[in-house]
Amino acid sequence: AKNGGANVAAYDSARDAASTDQLALLAELREALQADDQLVLVLQPAVDLATGAPTGVEALIRWRHPRRGLLGPAEFIRPVENSDQLSTFTRYVLDKALAVAAGWAREGLDVPISVNLSARSLLDRRLPGEIADALRRHQVPADRLVLEITETVVMSELEVIDQVLTALRSMGVQLAVDDFGTGFSSLAFLTRIEVDELKVDRSFVLQMADSREAAAIVRYTVGMANELGLRVVAEGVETAAQRSALVELGCTAAQGYHFFKPMPADKIGAVLGSLARQ
Ligand code: C2E
Ligand code: CA
Ligand code: CA
Ligand code: CA
């Protein structure tokens, strides 16, 4: 009991320290959302495996923190999702991404941009209207925006989420299921919401070579997507071997370090331009 007591005390002080740090982080986020140069998007193209042409570009958030250094989403997304700043953050990311897409449109590059949405932001009924405004403001056609969503969603909230997603669809925005195959309800989700794209989770790409199960999941996902008329993008492709294995399994598009690492906004235009000319 003595030991147990000590452990509990240690656990509590660690938890207090962690939550104090999260509060500090959230206060800093509030400033960052106003600063305009701290929260930046890096961009990673997905490519057509047959032609090498870009099929889309995913926007991934980074925080150039003035004291903590460069932070990836793993270091701050969870606290943001659980805070009252989520909707401000979501709007910020969408605005930045659409500004990038507007630049491409001006250069005649017809490539959609994909934005990751936290499941919780789909509980906000104002979201479709805000996205419609942002599309108008940036003069980006709705179908140039792909919203990547994960299906880890609380059952009791399904109705609101379905309404929000249906509204977005009817505006012409595209929907992608991120990390496909990893959620509880991936397949049931497809019967409720019409989507445009499935992103095969990186874990399956990693295991494909050694796991018959992973290979079967990729093959069946591709087959199902073909039957439903959906695009499939394999995530996290790092090697030429994975690339050819994917081609063998029927996958037509992929994303990963083997093709491109996420890159700053000022680099992506040139890359897309040269891919488009190939
Ligand atoms: P995700 O949507 O599954 O994004 C893919 C992650 O894999 C990204 O990590 C990307 O940099 C990384 N990646 C890409 N290619 C490779 C590869 O070949 N190998 C490996 N090992 N990794 C690769 P990142 O940027 O750290 O993002 C992590 C997660 O954070 C994302 O997972 C997404 O769920 C979330 N996230 C990123 N940006 C945003 C955002 O703006 N809003 C929200 N709500 N979530 C975001
Ligand atoms: Ca994603
Ligand atoms: Ca993913
Ligand atoms: Ca992921």
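Above this text you will find the structure in question.
Computed from a predicted structure; not experimentally measured.

Caption draft 1: Up close: the overall build of the protein chain. Scanning the protein chain from N- to C-terminus turns up 10 helices and 10 strands. Relative to a compact globule of 278 residues, whose C-alpha radius of gyration would be 19 Å, the protein chain shows 20 Å and is just as compact. Overall, the protein chain is about 65 × 45 × 40 Å in size when its C-alpha atoms are taken along their principal axes. In the protein chain, which comprises 278 residues, the share counted as buried stands at 49%. Across the protein chain, the fraction of contacts at a sequence separation of at least 24, relative to all contacts at a separation of at least 6, is 66%.

Caption draft 2: Just the environment of P128, in detail. Tracing the sequence through the fold places P128 in helix α4 (residues 127-138). In this structure, the C-alpha to C-alpha distance between P128 and G181, residues 53 residues apart in sequence, is 26 Å. If sequence neighbours within four positions are ignored, P128 has contacts with V164, A167, L168 and M171.

Caption draft 3: Examining the site of ligand 1 more closely. Every one of the 21 residues lining ligand 1 counts as a neighbour, but R62, S118, D178, E238 and Y257 are closest to it. For ligand 1, an oxygen atom lies 3.0 Å from a polar atom in the side chain of D178. At 3.3 Å from an oxygen atom of ligand 1 is found a side-chain nitrogen or oxygen belonging to D179. Burial of ligand 1 by the protein chains amounts to 79% of its free accessible area of 810 Å². Secondary-structure elements contributing two or more residues to the shell around ligand 1 are β2 (54-65), α3 (86-106) and β6 (174-180). The element that contributes the greatest number of residues to the shell around ligand 1 is β2, accounting for four residues. Here the shell around ligand 1 is composed, by residue class, of nine nonpolar, five polar and seven charged.

Calculation criteria
- Residues numbered from 1 in each chain as written.
- Chains lettered and ligands numbered in written order.
- Predicted model: local features only at pLDDT ≥ 70, side-chain atom pairs only at ≥ 80, totals over all residues.
- Heavy atoms only, no water.
- Helix = DSSP H or I, 4+ residues; strand = E, 2+ residues; numbered from the N terminus.
- Rg over C-alpha atoms; globule rule 2.2 N^0.38 Å.
- Buried < 20%, exposed > 50% of the residue type's maximum accessible area, 1.4 Å probe, protein only.
- Contact = heavy atoms within 4.5 Å.
- Near = heavy atom within 4 Å.
- Polar contact = N/O pair within 3.5 Å; in protein donor to acceptor, adjacent residues only side chain to side chain.
- Areas by Shrake-Rupley, 256 points an atom, 1.4 Å probe, with all protein chains shown as cover.
- Nonpolar A, V, L, I, M, F, W, Y, C, P; charged D, E, K, R; others polar.

None of this, on its own, says anything about what the molecule does.
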